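Residues per chain are reported as follows:
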Amino acid sequence: MRTSVSLASVRALMEGRHGDPGSVLGPHEIDCGDGKAMAVRAFFPETQQAWILDAPSDPPRAMRKIHPAGLYEAICPIPAVARRPHYQLRVAGPGGEVKTMHDPYAFEPYLSDFDLYLFGEGSMLKAYEKFGAQMRTVDDTTGVNFAVWAPNARSVSVIGDFNDWDARRHPMRKLIPSGVWELFVPELEAGAHYKYRVTTEHGEAVDKSDPYGFAAELPPRTASIVRDLSQYQWGDQDWVEKRKKTNQLSQPISIYEVHLGSWRKQEGKTNGWIDYRDLARRLVRYCTQMGYTHIELLPVSEHPYSGSWGYQTVGYFAPTSRHGSPEDFMYFVDHCHQNGIGVLVDWVPAHFPRDGHGLRRFDGSPLFEHADPRQGEHPDWGTMIFNYGRAEVRTFLISNALFWLDKYHIDGLRVDAVASMLYLDYSREQGEWIPNQYGGRENIEAIDLLRKVNEHTHREFPGVLMVAEESTAWGGVSRPTSIGGLGFTFKWNMGWMNDSLRYMHEDPINRRHHHNELTFSMIYAFTENFMLPLSHDEVVHGKGSLLDQMPGDLWQKFANLRLMYSYMWTHPGKKLLFMGGEFGQWTEWNADTELQWDLLEWGTHGGLKQMVADLNAMYRREPALYEVDFEEAGFEWVDCMSADESILAYLRKAKDPSDFVLVCANFTPVVRPQRKIGVPGPGLYREIFNSDSKFYDGTDVGNGMPQEAKQEEAQGRPWSITVNFPPLGVCVFKPEPKAKLS
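Residues numbered from 1 in each chain as written. Predicted model: local features only at pLDDT ≥ 70, side-chain atom pairs only at ≥ 80, totals over all residues. Heavy atoms only, no water.

With an unreviewed UniProt entry as reference, the chain is termed 1,4-alpha-glucan branching enzyme GlgB, source organism Lignipirellula cremea. As its UniProt record puts it under Pathway (unreviewed entry), the chain is described as follows: "Glycan biosynthesis; glycogen biosynthesis." According to the UniProt record, the Catalytic activity (unreviewed entry) comment for the chain is "Transfers a segment of a (1->4)-alpha-D-glucan chain to a primary hydroxy group in a similar glucan chain." (UniProt positions renumbered as here; feature names shortened; annotations may be inferred.)

Rendered as structure tokens:
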């Protein structure tokens, strides 16, 4: 019996641009006049012969070549193929080699109608479990299911090393009306390299990496790689369970911000990139010695240009291959957790790069981005802005946030460039932006996305940290969405950072005229849950290193930096310091070279590093420094008015008000001896920290003996102690147990 397949369909198959290959290929019930039969068709270009095997034990049945391009057909009784997808195809190649395989077009779609409904309304929270390249077993047949969203494409084929990158071999089926293309490729295994060849509505063929790909080739190569993320055996169950029950707001959080590619380099490695497993062992050992509670990684998602530091992401679901495989990165996180260190990663939902293999004009049309450049292009970074109002884009971004917390056990996300998401006119002049539906400048769709991301992450993964890098006066960034907030756990305190650094840049002789820059932060300190950042942004683009930014001669530079850190660690708010700052790197951070570790041979740098370790130790030891960070009850000024001498004194208090410390800071290089400082009550006050200690290469001006409080009024308090304020230094006092708040 002859069947008809249009020449147009054959031509489309030959050219790898058939929009509905399932209508031709695979099993199709036909009417034979005296009954029903099954026509099985397969397209094997450049082959000699093909057969169908109804079952592995059955003799092969020859297929008829119905077009010389390689289109084959077999007419089978329905019972013979009723067991689909168990039938197999056998094909003889041009050199006579024979290969047996299952028919990709005999398998039902993996995504259900309900999946596609959730995807289309923006509420498919774990799209990474269905999209991309999924290892899948159908009955006893294993393989990989590919699914990609490209609604405006004429056709999509999955191409890879398994089909010689030939778009004719595996054209995908479009699941109408979702715009999702899907195909199951039997017998395909993890490790296969692949892309999607997309034929746009204008007939142009472009090769795209998988937006949901779990791994990618080492740049500059751009193929995605099939990975099974379910094989790694985690050992951090105790950590994860404890995290669920922990109130992070009242915990000590001291974060070491790291760019993995330049923390350390190693000869013999590509560009010196050390693998995740080696980095895990080295970083954990170092952070344990230094007393950090968390590591925060600049974006680890795959990015084509190393100079972007990861902030121009293409592979949102793929940890960069620069340091190893997904399993290697899982080991990194697992090893950190098993040694008591949390891991945060920077997450970039604000923009994505223009690279041709990435998200931009993915199916030939503005799909992930806005069509109008006033909405869809970022003027500062030359990148594209997500269309947050599109449901499928919301699904992509929300799923991506959850993905890192789910599959990699990440402890939190630091969301990059939140300010650029909140405002439609961010970094734009009049006429360069489009107001929202109410005529305002707020990006309503982006705000809604951020709230949903925070709601879902906190609900699905209790105890994780969602941190906003947000530099404006937007209110309620770290307040619950139920009361109108954005729902973040913490907000970076960019105001504190800018004011403090600007103050520290001043020559000490002029600081008396800028005293309010130190004290102003306490006006708003409790309006948000703040994190105090001295991040990579403060040591790039010509700013110099933190040490180099300090004024004065060599001694003053180190003393000023010790002073800055001591002030930071005793100020309300969680802490973040970029790598290299802890030992006083001299040069501005360069992502292409490792940190200046050789500087630790000098006592000045080694002393600074030791002081940061001791600050972390004191911070974790003293609940007064972290338990009540976000309420006025945790802080009290003792002396904020001595501008002429540039000194400060304040109390930090724990939940138990009898547990407190007194902080005394001197922002000039002049010793301030025998100053009376008011204290809450009688007793002995012992100096537990001094940034000017000889152990830190300081001048060792301090208060060696405990100071007994006298009933002498100072700063409005009936009791006081006498304090030697070290030059450009901070000393911290703790009362002996008998001293109580009055």
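Any chance you could explain the UniProt feature "active site" (unreviewed entry) in the chain here in plain terms?
Taken from the UniProt record, the annotation "active site" (unreviewed entry) applies to Asp-416 and Glu-469. For the residues just named, distributed over 54 residues, the greatest C-alpha separation is only 5.5 Å, placing them together at one site. Topologically, Asp-416 is positioned in the loop between strand S24 (412–415) and helix H10 (418–422). Non-local contacts of Asp-416, meaning those with residues more than four positions away in its chain, are made with Tyr-311, Trp-347, Val-348, Pro-349, Ala-350, His-351 and Glu-469. As for its placement among the helices and strands, Glu-469 is situated in the loop between strand S25 (465–468) and strand S26 (490–492). (Helix = DSSP H or I, 4+ residues; strand = E, 2+ residues; numbered from the N terminus. Contact = heavy atoms within 4.5 Å.)

Please explain the nonpolar core as it appears in this structure.
Nonpolar side chains tend to gather and get buried jointly when the protein is soluble and globular. The biggest cluster of nonpolar side chains holds 189 residues, and the ones touching the most others in it are Phe-146, Tyr-256, Phe-329, Phe-332 and Tyr-565. Residues in contact with Tyr-565, not counting those within four places in the same chain, are Leu-534, Leu-546, Leu-577, Gly-581, Glu-582, Leu-608, Met-611, Val-612 and Leu-615. Listed in part, the 17 residues of the second largest apolar core include Phe-660, Leu-662, Cys-664 and Phe-725. (Core = buried A, V, L, I, M, F, W, Y, C linked by side-chain atoms within 4.5 Å. Buried < 20%, exposed > 50% of the residue type's maximum accessible area, 1.4 Å probe, protein only.)

When you look at the environment of Pro-304 in this model, what are you seeing that I'm missing?
If you trace the backbone, Pro-304 turns up in the loop between strand S19 (301–302) and strand S20 (315–319). Spatially, the C-alpha atom of Pro-304 lies 8.0 Å from that of Asp-355, the residues being 51 residues apart in sequence. When sequence neighbours within four positions are dropped, the list of residues in contact with Pro-304 reads Pro-219, Gln-312, Val-314, Arg-322, Asp-355 and His-357.

Would you explain the domain arrangement of the chain in this entry?
Interfaces are often described in size by the accessible area the parts lose on coming together. Domain annotation for the chain reports domain 1 (7–102), domain 2 (113–226) and domain 3 (631–735). Taking only C-alpha atoms into account, the centre of domain 1 sits 23 Å from that of domain 2. Taken residue by residue, the interface counts 16 residues in domain 1 and 19 residues in domain 2. Taking both sides of the interface into account, the surface hidden between domain 1 and domain 2 amounts to around 1,300 Å²; carbon and sulfur atoms contribute 53%. Of all residues in domain 1, the largest losses of buried area upon contact with domain 2 belong to Gly-16, Pro-45 and His-102, amounting jointly to 33% of the total for that side. The tally of links between domain 1 and domain 2 comes to one salt bridge. Put simply, Arg-168 and Glu-46 hold a salt bridge, and the shortest N to O gap is 3.2 Å. Contributing elements (two or more residues each) for the side of domain 1 that touches domain 2: helix H1 (7–14) and strand S8 (98–102). Grouping the constituent residues of the side of domain 1 that touches domain 2 by class yields seven nonpolar, six polar and three charged. (Domains from an automatic or database assignment. Buried area = accessible area lost by both parts, 1.4 Å probe. Salt bridge = Lys/Arg side-chain N within 4 Å of Asp/Glu carboxyl O. Nonpolar A, V, L, I, M, F, W, Y, C, P; charged D, E, K, R; others polar.)

What should I look at first to understand the packing of aromatic side chains in this one?
Any aromatic ring pair is given by two values, namely how distant the centres are and how the planes are angled relative to each other. For the structure on display, the rule yields 56 aromatic pairs. Between Tyr-128 and Phe-403 the ring centres are 5.2 Å apart and the planes differ by 70°, which places this aromatic pair in the edge-to-face class. Of this pair, Tyr-128 sits in the loop between helix H3 (113–121) and strand S9 (132–138) while Phe-403 is found in helix H9 (residues 391–407), placing the two residues 275 residues apart along the sequence. The residues Tyr-128 and Phe-403 share a single accessibility class, namely buried. The ring of Trp-492 has Arg-414 lying over it, and the distance from NZ or CZ to the ring centre is 4.5 Å. (Phe/Tyr/Trp six-rings, centres within 6.5 Å; stacked < 30°, edge-to-face > 60°. Lys NZ or Arg CZ within 6 Å of the ring centre and 35° of its normal.)

What is the right way to read the pairing of strand S3 (residues 49–53) from this model?
It is a general feature of regular strands that their side chains alternate between the two faces of the sheet. With four of five residues buried, S3 is to be regarded as a mostly interior element. Pairing of S3 with strand S7 (residues 88–92), which is carried by five bridges, proceeds in the antiparallel orientation. Note on S7: the bridge partner recorded for Ile-52 is Leu-89. For S3 and strand S4 (residues 61–62), the ladder comprises two bridges, and the chain directions are antiparallel. Bridge pairing links Trp-51 to Ala-62 in S4. (Pairing = 2+ DSSP bridges.)

Honestly, the UniProt feature "domain: Glycosyl hydrolase family 13 catalytic" (unreviewed entry) in the chain in this entry has me stumped. Any pointers?
Per the UniProt entry, the sites bearing "domain: Glycosyl hydrolase family 13 catalytic" (unreviewed entry) are residues 257–601 in this numbering. Across residues 257–601, the secondary structure splits into 34% helix and 13% strand, with the terminal C-alpha atoms separated by 23 Å.

How should I be thinking about the pattern of salt bridges in this particular structure?
Side chains that differ in charge, positive against negative, can pair when their charged atoms come close. Tallied over the full model, the rule gives 40 salt bridges. Asp-406 serves as the salt-bridge partner of Lys-126, at 3.8 Å between the closest nitrogen and oxygen. Within this pair, whereas Lys-126 is found in the loop between H3 and S9, its partner Asp-406 is found in helix H9, the two being separated by 280 residues in sequence. Here the salt bridges share partners, and the residues they tie into one network are Glu-296, Asp-346, Arg-414, Asp-416 and Glu-469.

Even after reading the chapter, I still don't get the packing of helix H12 (residues 494–505) against helix H16 (residues 554–570), so can you show me in this structure?
Angle between the axes and distance between the axes are the two parameters that describe a pair of packed helices. Between H12 and H16, the shortest axis-to-axis distance is 11 Å and the interhelical angle comes to 155°. With respect to each other, H12 and H16 are oriented roughly antiparallel. Our pair here, H12 against H16, has a crossing hand that is right-handed. In this structure, H12 contributes Trp-496, Ser-500, Leu-501 and Met-504 to the contact, and H16 contributes Asn-560, Leu-563, Met-564, Tyr-567 and Met-568. (Axes fitted to C-alpha atoms, helices over the stretch in contact; angles between N-to-C directions. Parallel < 35°, antiparallel > 145°, perpendicular 65-115°, else oblique. Left-handed = near helix turned anticlockwise from the far one by under 90°.)

Hey, could you run me through empty space enclosed by the protein in this one?
A probe matching the size of a water molecule, rolled over the atoms, marks out where space remains unfilled. Applying the stated criterion across every chain, the model contains three cavities of 30 Å³ or more. If you add up the space inside the largest cavity, you get close to 110 Å³. The wall of the largest cavity is formed by 14 residues, among which Val-539, Met-579, Gly-580, Gly-581 and Gln-585 lie closest to the centre. By volume, the second largest cavity amounts to about 60 Å³. In terms of lining, the second largest cavity is formed by Val-300, Ser-301, Tyr-316, Val-345, Asp-346, Trp-347, Val-348, Asn-400 and Trp-404. Looking at the lining of the second largest cavity, the elements that each hand over two or more residues are strand S21 (342–347) and H9. Sorting elements by how many residues they give to the lining of the second largest cavity places S21 first, with three residues. (1 Å grid on protein atoms, 1.4 Å probe; cavity = no way out; pocket = protein on both sides within 12 Å on 5 of 7 lines; lining within 4 Å. Points joined across faces, edges and corners; volume = space filled by probe spheres on them.)

Please clarify how the environment of His-18 should be interpreted in this entry.
Inspection of the secondary structure puts His-18 in the loop between H1 and strand S1 (26–31). Using a relative accessible area of 9% as the deciding quantity, one classes His-18 as buried. Between the alpha carbons of His-18 and Pro-171 there is a distance of 6.9 Å; along the sequence they are 153 residues apart. In terms of polar contacts, His-18 uses its side chain to reach the backbone amide nitrogen of Asp-20, at 3.0 Å. (Polar contact = N/O pair within 3.5 Å; in protein donor to acceptor, adjacent residues only side chain to side chain.)

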